[in-house]
Amino acid sequence: MAETQSRLVAVSNRVGPLSDEGQAGGLVVGLSDALKRHGGLWFGWSGETSAEGTQSREKTEVQENVEMTTIDLTEEELKGFYLDYANRSLWPLLHYRLDLAEFDRASDRIYRNVNHRFAVRLMPHLREGDLVWVHDYHFFYMGSELRQAGYKGRLGYFLHIPFCSPEVFSALPASHDIVRAMLAYDLVGFQTERDRRNFVNFCTGELGGEELDEERLRVGDRTVITRAFPIGIDAEAYARFAVSPEAGEHEEMLRDISRRRGAPEGEEGGRKLIVGVDRMDYSKGLLERFYGFERLLEDYPENRGNAIFLQVAPLSRSEVDAYADLRHQLEHTAGHLNGRFATLDWTPLQMMTRGFTRKALAGIYRAARVCLVTPLRDGMNLVAKEFVAAQDPDDPGVLVLSRFAGALAELKGGCITVNPYNTDDVAAALQKGLTMPLEERKRRWQVMREAVFTGTAQHWCQTFLDRLEASHDEAGGTGGK
Ligand code: ADP
Ligand code: F6P
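Residues numbered from 1 in each chain as written. Chains lettered and ligands numbered in written order. Predicted model: local features only at pLDDT ≥ 70, side-chain atom pairs only at ≥ 80, totals over all residues. Heavy atoms only, no water.

Engineer: Which parts of the structure should I look at to understand the site of ligand 2?
Structural biologist: All residues adjacent to ligand 2 are Arg14, Gly25, Gly26, Leu27, Tyr82, Trp91, Asp136, Tyr137, His138, Ile161, Arg279 and Arg317. Coverage of ligand 2 by the protein amounts to 90% of the 380 Å² it exposes when considered alone. Elements with a contribution of two residues or more to the shell around ligand 2: helix 1 (26-38) and helix 2 (75-94). Residue composition of the shell around ligand 2, by class: 5 nonpolar, 3 polar and 4 charged. (Near = heavy atom within 4 Å. Areas by Shrake-Rupley, 256 points an atom, 1.4 Å probe, with all protein chains shown as cover. Helix = DSSP H or I, 4+ residues; strand = E, 2+ residues; numbered from the N terminus. Nonpolar A, V, L, I, M, F, W, Y, C, P; charged D, E, K, R; others polar.)

Pasting the structure below:
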């Protein structure tokens, strides 16, 4: 694959860090892994509010070959753009939770305006020959705003989360405006073929568009390229994290707490560890997962006293009611489960909200016999890929993966696939994972390892940029800035 020479300008709401400290969120992990290799400008929100908001002075930080430039939001912009429109309207809608989606015109207006302001602030940074790559549901209008501001160069977009079916998407009052705005990009990328198909079906069914071939889509006088580009991780680096001293300390700590009182070291003296690692988000199926674990203890009683479930769930978007409600439900359910099954020397379920470095997380994955990744809907899910990359080849753990995670397309040859809404199915998958013979674990892991080490973050970035380089003329762009 030819390395592209053009400068990459990435735009996303969250920017950095590039370090290995760790931050919960797949976009930052995938994009920073990719940008560390490629270099370029990364533009977005500073994570802070100020009276000037999107009119504030820029903050710039240079790390290695990446320049990170950010601006603030005002309190009003933060509420209307991020909390309300992005996370009360778009997020639940695109994750098929119409029951949680709220629509109002005030936040719609602020969302459009913030997209406009970010485009205006980015314009002076753009140079001829740049590849501009906009990310995620915070910036649907950014491309058309850049075009209106006079930008004529190559412009790509990638959606990190699912694109829901047209019947669901059409409930959004601005659904037509958003999809028309997305047509300003030359290339629109999705995590999976299913997401791409939903987008294309919306364009043909609602906007009178026409599919010209497998990739090209025409709506009115616009032709865009659409394609699936599954995001990945820096698998080599992650495998190295997993054998670092910091990972080793965490792995050892978990083996200690899993050891039965007075039992000797080694497998026979230990309890089996199940882990889950997710932002505390209703799309991740955490509550359903707790019910699945409870069913395991009910239906397969040999696990009582012998299995421990550790759920790492950093708080996310706590200002949004649905997230605060979820926290209460999870704490209540965990308390109920522990009250029902715990003994003096065994607490079945531990939930913690703290953050970990990427090395520490890798050690946690490595200590686990089973990793439960059971979202009700997920664009990709990088936790599934991290778990695979972190395993010990001589004694790998088992991945239990939801049929509704984008990662299933690549990992289905090795994981145990579950319907996260089916409690019995989750319990049976857990039992299968906890009792799976070593040879079968190795065989399944090898298949998944191949996929994770092939479909890396670098591969995702490079294939997108190669396609973007070529797409501009095909999509009817005019070239130059
Ligand atoms: P999403 O983007 O919806 O949050 P992903 O599974 O794609 O879901 O990405 C989550 C990322 O956040 C992973 O890289 C994971 O390691 C990271 N992460 C999750 N929990 C923590 C935590 N407690 N500390 C640090 N990183 C975390
Ligand atoms: O990957 C999905 C995503 O929504 C990213 O866009 C986002 O950065 C991340 O999850 C974490 O969410 P937030 O930025 O709202 O904290």
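Structure's up, so let's keep going.
Engineer: Would you explain the sheet that holds strand 14 (residues 370-373) in this entry?
Structural biologist: Pairing between sheet strands relies on hydrogen bonds along the backbone, with the strands arranged either parallel or antiparallel. Spatial ordering of the open sheet is given by 13-12-11-14-15-16, a layout of 6 strands whose pairing is parallel. A single partner strand is all that each edge strand has here, and the edge strands are strand 13 (349-352) and strand 16 (416-418). Strand-to-strand twist of the sheet, defined as the mean angle between neighbouring strand axes without regard to direction, takes the value 20 degrees. As paired strands, strand 12 (residues 307-312) and strand 13 are joined by 4 bridges and run parallel to one another. Bridge pairing in strand 13 places Gln311 opposite Met351. The strands touched by helix 15 (residues 423-434) within the sheet are strand 11 (272-277), strand 12, strand 14, strand 15 (398-402) and strand 16, with strand 16 carrying the most contacts at an inclination of about 170 degrees. (Pairing = 2+ DSSP bridges. Axes fitted to C-alpha atoms, helices over the stretch in contact; angles between N-to-C directions. Contact = heavy atoms within 4.5 Å.)

Engineer: What is the right way to look at the pattern of salt bridges in this model?
Structural biologist: Pairs may arise between side chains of opposite charge once their charged atoms sit close together. Scanning the entire structure with this criterion turns up 32 salt bridges. Note that Arg121 is salt-bridged to Glu58, the shortest N-O span being 3.8 Å. One end of the pair, Arg121, is in helix 3 (residues 105-122); the other, Glu58, is in the loop between strand 2 (40-49) and strand 3 (59-63), and 63 residues separate them in sequence. Arg121 sits in the buried class, given a relative accessible area of 14%. Between Glu298 and Arg340 there is a salt bridge, with the nearest N and O atoms lying 2.8 Å from each other. (Salt bridge = Lys/Arg side-chain N within 4 Å of Asp/Glu carboxyl O. Buried < 20%, exposed > 50% of the residue type's maximum accessible area, 1.4 Å probe, protein only.)

Engineer: Which parts of the structure should I look at to understand the state of the cysteines?
Structural biologist: Any covalent bond linking the sulfur atoms of two cysteines counts as a disulfide. One pass over the structure, following the stated rule, counts 0 disulfides. Sulfur of Cys164: no disulfide; nearest cysteine sulfur belongs to Cys203 and is 13 Å away. With no disulfide of its own, Cys371 has Cys415 as its nearest cysteine by sulfur position, at a separation of 11 Å. (Disulfide = S-S within 2.5 Å.)

Engineer: Whenever I open this one, the side chain of Ser471 confuses me. Can you help?
Structural biologist: Looking at the secondary structure, you find Ser471 in helix 17 (residues 457-474). At 3.0 Å, the side chain of Ser471 forms a polar contact with the backbone oxygen of Leu468. With residues near it in sequence (within four places) discarded, Ser471 still touches Asp186, Leu187 and Ile225. (Polar contact = N/O pair within 3.5 Å; in protein donor to acceptor, adjacent residues only side chain to side chain.)

Engineer: Sorry if this is basic, but what is going on with the site of ligand 1 here?
Structural biologist: Among the 19 residues in the neighbourhood of ligand 1, the closest are listed as Gly26, Arg279, Lys284, Phe356 and Glu386. At 2.9 Å from a nitrogen atom of ligand 1 is found a main-chain nitrogen or oxygen belonging to Phe356. Between ligand 1 and the protein, one listed contact pairs an oxygen atom with a backbone N or O atom of Leu382 at 3.0 Å. Within the complex, 92% of the 570 Å² of free accessible area of ligand 1 lies under protein. Elements supplying a minimum of two residues to the shell around ligand 1: helix 1, helix 12 (358-367) and helix 13 (382-390). Looking at which element gives the most residues to the shell around ligand 1, the answer is helix 13, with 3 residues. Each residue belonging to the shell around ligand 1 can be placed in one class, and the counts come to 10 nonpolar, 5 polar and 4 charged. Each of domain 1 (8-232 + 458-472) and domain 2 (235-453) gives at least three residues to the shell around ligand 1. (Domains from an automatic or database assignment.)

Engineer: Any chance you could explain the pairing of strand 3 here in plain terms?
Structural biologist: Along any regular strand, the residues point their side chains to alternate faces of the sheet. Across 5 bridges, the pairing between strand 3 and strand 4 (residues 66-73) is antiparallel. Residue Lys59 lies in a different strand from strand 4, and its bridge partner there is Thr70. Between strand 3 and strand 4, which pair antiparallel and follow one another directly, the connecting turn spans 2 residues, one of which, Glu64, has a positive phi of 50 degrees.

Engineer: It is not clear to me how the environment of Thr226 should be interpreted in this structure. Could you clarify?
Structural biologist: Relative to the elements of secondary structure, Thr226 occurs in strand 10 (residues 222-228). Among the residues examined, Thr226 registers a relative accessible area of 1% and is labelled buried. Residues Thr226 and Leu183, 43 residues apart in the sequence, show an inter-C-alpha distance of 10.0 Å. Thr226 has contacts with Val188, Phe190, Arg196, Phe199, Val200, Glu214, Glu215 and Leu217, leaving out every residue within four places of it along the chain.

Engineer: Any chance you could explain unusual backbone geometry here in plain terms?
Structural biologist: Of all residues except glycine, most have a negative phi; of all peptide bonds, most are trans. With an omega of 5 degrees, the peptide bond running from Gly16 to Pro17 counts as cis. Topologically, Pro17 is positioned in the loop between strand 1 (8-12) and helix 1. The backbone of Glu64 sits at a positive phi, close to 50 degrees, despite the residue not being glycine. Look at Asn381: it is not a glycine, yet its phi comes out positive at around 95 degrees.

Engineer: Looking at this model, I keep getting lost on the domain arrangement of the chain. Mind explaining?
Structural biologist: It is common to give the size of an interface as the accessible area that goes away when the parts come together. Domain annotation for the chain reports domain 1 (8-232 + 458-472) and domain 2 (235-453). Summarising the inter-unit geometry, the C-alpha centres of domain 1 and domain 2 are found 31 Å apart. Between domain 1 and domain 2, the residue contacts involve 30 residues of the former and 26 residues of the latter. The junction of domain 1 with domain 2 conceals about 2,300 Å² of combined surface from both sides, 60% of it contributed by carbon and sulfur atoms. Of all the secondary-structure elements, those providing two or more residues to the side of domain 1 that touches domain 2 are helix 1 and helix 2. Ranked by residue count, the leading element in the side of domain 1 that touches domain 2 is helix 2, at 6 residues. (Buried area = accessible area lost by both parts, 1.4 Å probe.)

Engineer: In this structure, what is going on with the pairing of strand 10? I would like to understand it.
Structural biologist: Here strand 7 (residues 187-190) pairs with strand 10 via 4 bridges, running parallel. Along strand 10, the bridge assignment pairs Leu187 with Ile225. As defined by bridge partners, strand 9 (residues 216-219) adjoins strand 10 across 4 bridges and the pair is classed as antiparallel. Looking across to strand 10, one finds that Leu217 is bridged to Val224. Joining the antiparallel neighbours strand 9 and strand 10 is a turn of 2 residues, in which Gly220 adopts a positive phi near 60 degrees.

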